[in-house]
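Each chain, letter by letter, is given below.
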Amino acid sequence: MPPLLPPDPARRLALYASIFCVLSVAAAVVSFVQGSWLGIVWVLLAGLSSNMTWYYVKRARAQKSVTG
């Protein structure tokens, strides 16, 4: 059995950003259902965290291809 490598920080950050994206979308839905315009802020945060997720996924793939 091959030894387990420590998790890549970029992959971990991508996971955290995607979890935050899902939670912010849920918060936006709840805000809009309750009639609050605060949901707009949650939508913007969801977009930001989505972009961060893609950035860290691409960064992890690039580091993986460089290191082999």
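None of these values were measured; they are calculated from a predicted model.

Asker: Just to check I follow, could you spell out a nonpolar patch on the surface for this structure?
Answerer: A cluster of nonpolar side chains, namely Leu 13, Leu 15, Tyr 16, Ile 19 and Leu 23, defines an oily patch on the protein surface of about 500 Å² accessible area. The residue Tyr 16 is located in helix H1 (residues 9-33) in this model.

Asker: What is the right way to read helix H2 (residues 39-67) from this model?
Answerer: Each full turn of the α-helix corresponds to 3.6 residues, which orients residues three or four apart in the same direction. For H2, spanning 29 residues, the distance from its first C-alpha to its last is 42 Å, which sits close to the expected 42 Å at 1.5 Å a residue. When H2 is considered as a whole, its buried residues turn out to be Gly 39, Ala 46, Ser 49, Thr 53, Tyr 56 and Ala 60. Buried residues along H2 sit against H1.

Asker: Is there a simple way to explain the packing of aromatic side chains in this structure?
Answerer: Each pair of aromatic rings is reported with the distance of its centres and the angle of its planes. All told, the structure shown has one aromatic pair when counted by the stated rule. Plain terms: the ring middles of Tyr 55 and Tyr 56 are 5.2 Å apart, the flat faces sit at 70 degrees to each other, and that makes the pair edge-to-face.

Conventions and cut-offs
- Residues numbered from 1 in each chain as written.
- Predicted model: local features only at pLDDT ≥ 70, side-chain atom pairs only at ≥ 80, totals over all residues.
- Heavy atoms only, no water.
- Patch = residues over 30% accessible without salt bridge, like charges linked within 9 Å, V, L, I, M, F, W, Y side chains within 5 Å.
- Areas by Shrake-Rupley, 256 points an atom, 1.4 Å probe, with all protein chains shown as cover.
- Salt bridge = Lys/Arg side-chain N within 4 Å of Asp/Glu carboxyl O.
- Helix = DSSP H or I, 4+ residues; strand = E, 2+ residues; numbered from the N terminus.
- Expected span 1.5 Å × (residues − 1).
- Buried < 20%, exposed > 50% of the residue type's maximum accessible area, 1.4 Å probe, protein only.
- Contact = heavy atoms within 4.5 Å.
- Phe/Tyr/Trp six-rings, centres within 6.5 Å; stacked < 30°, edge-to-face > 60°.

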